[in-house]
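# Commentary on secondary and tertiary structure
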Amino acid sequence: MPSAPAQTVLNWHVTEACNYRCGYCYAHWERPSKTELIRDAAATRALLAELYMHFAGRSGARPPRLNIAGGEPLLHQGRLLPLLKLARAIGFEVSMISNASLLDAPMLTALTGELSMLGLSLDAARPEVLAQIGRVDRHGRTLDLDRLAEAVAQARQAHPHWTLKLNTVVCAPNWQDDLGDLVRRLAPSRWKVLRALPVVSQALEVSDAQFQAFVERHRALSSVMVVEDHADMQGSYIMIDPLGRFFQNRPGAFGYDYSPPILEAGAGAAFAQIGWSALKFARRYTPAAAAAEVCA
Ligand code: SF4
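Summary of the structure given here. None of these values were measured; they are calculated from a predicted model. (Residues numbered from 1 in each chain as written. Predicted model: local features only at pLDDT ≥ 70, side-chain atom pairs only at ≥ 80, totals over all residues. Heavy atoms only, no water.)

## Quick notes on the overall build of the protein
Helix and strand counts for the protein come out as 10 helices and 10 strands. Every one of the 296 residues in the protein was classed for burial, and the buried ones make up 55%. Partitioning the contacts of the protein with sequence separation of at least 6, the portion at a separation of at least 24 is 77%. Only carbon and sulfur atoms are counted for the fraction: they give 52% of the accessible area of the protein, which is about 12,600 Å². (Helix = DSSP H or I, 4+ residues; strand = E, 2+ residues; numbered from the N terminus. Buried < 20%, exposed > 50% of the residue type's maximum accessible area, 1.4 Å probe, protein only. Contact = heavy atoms within 4.5 Å. Areas by Shrake-Rupley, 256 points an atom, 1.4 Å probe, with all protein chains shown as cover.)

Below, the structure written as structure tokens:
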């Protein structure tokens, strides 16, 4: 019997801007203009409506999920909550990926009122390791884990329905770390462990043995840990860049291929240009798929 179609996930990278500089970051797009679509409320509304119209009937039993990613989406703090509310009103299920640096308890509580899932990218607990990866802002600040744990606890109390996912990219500075205490403290429903791709830079690359050593060290967390090596990425990841274009990994080369702007061509025509192979390639661990997992 054919299996039911999976929920469609549309990853909209609303911005390339980020307050961190991770050495493995994939959030770099070619930009013929600097105008991010999220800055234009009418265009944002039109984009979401267009996407929903095209994908609502192709998402199995559940509504399509709009996953807001970056860059760091919280750099658009004032626009973010209205965007999540709008997406839900249109009919999407909504999730978001953040590097957590700008989250405090009131903001997290407000956001989780709208989200079915929040993904946080957390690579290390020690400030010196975070700094080596590039998870440090221009003032030299790394993530305040106590503040984050308190914010998560408050948001859970206010809104029990949302789930927390953690993403960790295993790379040269952190492969020897033990993140067990940090993961247990935040108690995610899923902890995705990914391997840094040597696409942007080889400086943070780890060997097979180093990646496996990290995974083995955390076996006690296997009930929540999901390990994704280069070849394992599954699912239908559809990617939209900050200018409102579908994009996909360029096969065999660095960089991405882009559709025409969705608002000019229409979602169906734009997706037809890039969509089928976007799905095909996203079934593997490509930079495009990885960007949706770890950026921010
Ligand atoms: S990986 Fe995420 S947190 Fe790191 S620089 Fe890129 S967008 Fe920012």
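## Notes on the nonpolar core
Counting 85 residues, the largest nonpolar core has W12, W191 and F246 as its most contacted members. The contact partners of W191, leaving out residues within four places of it in the chain, are L166, T168, L179, V183, F214, H218, L221, V224, M225 and V226. (Core = buried A, V, L, I, M, F, W, Y, C linked by side-chain atoms within 4.5 Å.)

## Things to note about the pairing of strand 1 (residues 9-13)
On a regular strand, each side chain points to the face opposite its neighbour's, so the side chains alternate between the two faces of the sheet. For strand 1, the tally of buried residues reaches five of five residues, placing the bulk of the element in the interior. Neither face of strand 1 is left uncovered, since the one carrying V9, N11 and H13 and the one carrying L10 and W12 both have all their residues buried. Where strand 1 lies against strand 2 (residues 65-69), five bridges are found, and the strand directions are parallel. Of the residues in strand 2, the one forming a bridge with H13 is A69. (Pairing = 2+ DSSP bridges.)

## Quick word on the packing of aromatic side chains
Taken as a whole and assessed by the stated rule, the structure comprises eight aromatic pairs. Seen from their ring centres, F55 and F246 are 6.2 Å apart, and the 80° between their planes marks the pair as edge-to-face. Of this pair, F55 sits in helix 1 (residues 41-55) while F246 sits in strand 9 (residues 246-249); the two residues are 191 residues apart in sequence, bridging distant segments of the chain. The pair formed by F55 and F246 is uniform in burial state, with each residue classed as buried. Judged by centre distance (5.1 Å) and plane angle (80°), the ring pair of F55 and F271 falls under edge-to-face. One end of the pair, F55, is in helix 1; the other, F271, is in helix 9 (residues 267-282), with 216 residues separating them in the sequence. (Phe/Tyr/Trp six-rings, centres within 6.5 Å; stacked < 30°, edge-to-face > 60°.)

## Observations regarding the pattern of salt bridges
Counted according to the given criterion, the structure contains 13 salt bridges. Residue D208 is joined to R195 by a salt bridge in which the shortest nitrogen-to-oxygen separation is 2.7 Å. Remark: R195 occurs in strand 6 (residues 190-195) and D208 occurs in helix 7 (residues 208-217); sequence separation between them is 13 residues. On the basis of relative accessible area, R195 is assigned to the buried category, the value being 6%. Among the charged side chains, a salt-bridge network with shared partners connects K85, R88 and E114. (Salt bridge = Lys/Arg side-chain N within 4 Å of Asp/Glu carboxyl O.)

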